[in-house]
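Fold and geometry: a report
Below are the chains, spelled out letter by letter.
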Amino acid sequence: KTPQYLPDGYEFSSAALIFGETVEIDYKNADDKISFRCAETDSDVSGDYNTYEEEKKVDTENAAVTVKGKDGKVFLATWLSGKMSFSLSSTAGLSEEETLKIIESIK
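What you see is a predicted model, and the numbers here were worked out from it, not measured in a lab.

Quick notes on the rules
- Residues numbered from 1 in each chain as written.
- Predicted model: local features only at pLDDT ≥ 70, side-chain atom pairs only at ≥ 80, totals over all residues.
- Heavy atoms only, no water.
- Pairing = 2+ DSSP bridges.
- Helix = DSSP H or I, 4+ residues; strand = E, 2+ residues; numbered from the N terminus.
- Axes fitted to C-alpha atoms, helices over the stretch in contact; angles between N-to-C directions.
- Contact = heavy atoms within 4.5 Å.
- Salt bridge = Lys/Arg side-chain N within 4 Å of Asp/Glu carboxyl O.
- Buried < 20%, exposed > 50% of the residue type's maximum accessible area, 1.4 Å probe, protein only.

1. A short note on the sheet that holds strand E7 (residues 84-94)
Overall, antiparallel pairing links the seven strands, which are arranged E1-E2-E3-E7-E6-E5-E4 in an open sheet. The two strands at the open ends of the sheet, each matched to only one other strand, are strand E1 (11-18) and strand E4 (54-59). On average, each strand axis in the sheet is inclined to that of its neighbour by 15°, with strand direction left out of account. The sheet contact formed by E4 and strand E5 (residues 64-70) spans six bridges and is antiparallel. Within E5, the residue paired with Lys57 across the bridge is Thr66. Seen against the sheet, helix H1 (residues 96-104) touches strand E3 (33-39), E4, E5, strand E6 (73-81) and E7 and runs at an angle of roughly 145° to E7.

Below is the structure:
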């Protein structure tokens, strides 16, 4: 499963298998990197252990997503779906609307 939607200007950058279990796909534009991760686990696969000022749960069509960030920007989103754990992170931060649009496009 990968995002079928990305904001304008983002292009595939790289893909990796981390510890033989977690898939990471990176997309970049001139100012930002979006990382999508997934693994068959019920643990957080984001690798992001920062504390964020803002955190809330948002219900989407497929899952309850935890979004974390500051100043109205989302830097990390995590969710579980079935036996899979997912994360989406952005180094520059995205709007909540854009973040959820990416997540809902994952097929």
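After that view, the rundown keeps rolling.
2. Topic: the pattern of salt bridges
Oppositely charged side chains can pair when the atoms bearing their charge come close. Inspection of the entire model under this criterion finds three salt bridges. Salt-bridge contacts for Asp26 lead to Lys33; the nearest nitrogen and oxygen are separated by 4.0 Å. Owing to a relative accessible area of 6%, Asp26 belongs among the buried residues under this scheme. Where Glu96 meets Lys56, a salt bridge forms, and the shortest distance between an N and an O atom there is 2.9 Å. Residue Glu96 is found in helix H1, and its partner Lys56 is found in strand E4; the two are separated by 40 residues along the sequence.

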